[in-house]
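Structural features, examined
Here is how the chains run, residue by residue.
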Amino acid sequence: MFIRRSVAALLSLFCAFGAFAKPGAPVAPFHANYQVLRNGEVIGEATLSLRASSDGIWEFDSRTRGTSGMARLLGLDVAETSTFDWHAGHPRGLRYRYVQSAAIHSRTRDIDFDWKDATARVQDDNKQHRVSLQPNAIDRSLVTVALMADLQAHTPTLAYLVVHKDKVSQQHYVQSGRDTLDLPAGRIDAVRVDREGGSSKRHTTSWFAPSHDWLPVKIEQVGKHGETITLQLTATAK
């Protein structure tokens, strides 16, 4: 169902963070809350967090739950956890865990990054895959962390190698303007970022706020049937 796919995909791209990064880390720990809307109507809520351990390993978590409409009826509950480290200023995937629970359909995906062997082992429900890795490959959730780091560093090219269930693809993004947004978290000036390529029937636009340490304050995805799923910031905390 488009609702489940869209919410999961958007959560993979969405995060916010606090004020102080650990030495050598371009993105700081964070905790943030969001609304999830379908065609302008609130259907759920999301919580995202980024944590660092003393051994240089980081963890990015996202969780969304359906609170009204079809998402609530389905009992939608999506959780993602990305474990990674920083390599030359870029996030590098170590492990990824995805769990989607719903009344009609549930699914899981696990990715283990073996950098010594340059191979990712993927368990997608009951199917197993092995994917050859290239430097700094990440899972789909870490695209947000990579975007925030590159926007903060004013990196001109926003391109990322992303491991999927049976392949690695390159995702491209471009800065396309500036907007002032009225959000539950307040009135915020943000840079608009569009994903290039992909399906011509789907389009994703994200807004990142320079005044809020480049956190993405809104993401909007239009599906192939014209349905719009939106995430927007409600609150952040250190």
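All values derive from a computational prediction rather than experimental measurement. (Residues numbered from 1 in each chain as written. Predicted model: local features only at pLDDT ≥ 70, side-chain atom pairs only at ≥ 80, totals over all residues. Heavy atoms only, no water.)

A separate point is the pattern of salt bridges. The final tally for this structure, using the stated rule, is 15 salt bridges. Notably, a salt bridge pairs arginine 38 with glutamate 227, separated by 2.2 Å at the nearest N-O pair. Within this pair, whereas arginine 38 is found in strand 1 (residues 30–38), its partner glutamate 227 is found in the loop between strand 13 (215–222) and strand 14 (228–237), the two being separated by 189 residues in sequence. Among the ionic pairs, aspartate 124 bridges to arginine 107, the shortest N-O distance being 3.0 Å. (Salt bridge = Lys/Arg side-chain N within 4 Å of Asp/Glu carboxyl O. Helix = DSSP H or I, 4+ residues; strand = E, 2+ residues; numbered from the N terminus.)

Looking now at the pairing of strand 10 (residues 168–183). Where strand 9 (residues 158–163) meets strand 10, six bridges bridge the pair, whose relative direction is antiparallel. Its bridge partner being in strand 10, leucine 158 is matched across the sheet by tyrosine 173. Hairpin connection from strand 9 to strand 10: four residues lie between these consecutive antiparallel strands. Pairing between strand 10 and strand 11 (residues 186–196): eleven bridges, direction antiparallel. What sits directly across from valine 174, in strand 11, is aspartate 194. (Pairing = 2+ DSSP bridges.)

Right, let's get into the environment of arginine 195. In this structure, arginine 195 sits in strand 11. Along the sequence, arginine 195 and tyrosine 173 sit 22 residues apart, while their C-alpha atoms lie 4.3 Å from each other. If we skip the residues at most four places from it in the chain, arginine 195 touches Gln171, His172, Tyr173, His203 and Thr204. (Contact = heavy atoms within 4.5 Å.)

With that out of the way, let us pick up the confidence of the model for the protein chain. When pLDDT is averaged along the protein chain, the result is 84, and 84% of the positions lie at 70 or above. Mean pLDDT per element in the protein chain: helix 1 (residues 2–13) is the minimum at 46, and strand 9 is the maximum at 96. Note on residues 1–22: pLDDT under 50 across the span, and 100 contacts to partners over four residues away in sequence or across chains. (pLDDT = per-residue confidence, 0-100.)

Below, the discussion takes up helix 3 (residues 143–152). Owing to its 3.6 residues per turn, the α-helix brings residues three or four apart onto one side. Of all the ten residues making up helix 3, nine are buried; the element is thus mostly covered by neighbouring parts of the structure. If you check which residues of helix 3 are buried, you get Val143, Thr144, Val145, Ala146, Leu147, Met148, Ala149, Asp150 and Leu151. Downstream of helix 3 by a residue or two, histidine 154 has a phi angle that is positive, lying close to 60°. (Buried < 20%, exposed > 50% of the residue type's maximum accessible area, 1.4 Å probe, protein only.)

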